[in-house]
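Architecture and fold: a report
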Amino acid sequence: MKKYYYYKNIVKRHLNEIKEHIELSKNDMERSYYRSRYAAQLSIYAEALGIQEKYLERYI
C-alpha cells in the first residue's frame, strides 16, 4: 500500500511535470536537458519501487 501511495502522489506527478516541460521546451538544448532528467528520474524511481523502467513508464 505504501508503494502505491508513493507512486500515485510522488512519482507519477513528478514524471508528468517533466514530460510537460519537454513539450513546452523552446529549443533543442532545453528539450535535451529535460529528456535526460526524465530518464534519470525514471531509473531512480523504478529502482526505488523495485520494478523495471519499461513497466513504470507504461503506467505513467
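See the structure above.
Rules of the game
- Residues numbered from 1 in each chain as written.
- Predicted model: local features only at pLDDT ≥ 70, side-chain atom pairs only at ≥ 80, totals over all residues.
- Heavy atoms only, no water.
- Salt bridge = Lys/Arg side-chain N within 4 Å of Asp/Glu carboxyl O.
- Helix = DSSP H or I, 4+ residues; strand = E, 2+ residues; numbered from the N terminus.
- Buried < 20%, exposed > 50% of the residue type's maximum accessible area, 1.4 Å probe, protein only.

What the rule picks out here adds up to 1 salt bridge. With a shortest N-O distance of 2.7 Å, Asp-28 and Arg-31 are connected by a salt bridge. With a gap of 3 residues between them, Asp-28 and Arg-31 both fall in helix α2 (residues 28-49), about one helical turn apart. Here Arg-31 falls in the partly exposed class, since its relative accessible area comes to 21%.

Here the focus is the environment of Lys-8. Relative to the helices and strands, Lys-8 resides in helix α1 (residues 2-24). Taking the C-alpha atoms as reference points, Lys-8 and Ile-60, 52 residues apart in sequence, are found 9.7 Å from one another.

Remember that the coordinates give geometry; whether it matters functionally is a separate question.
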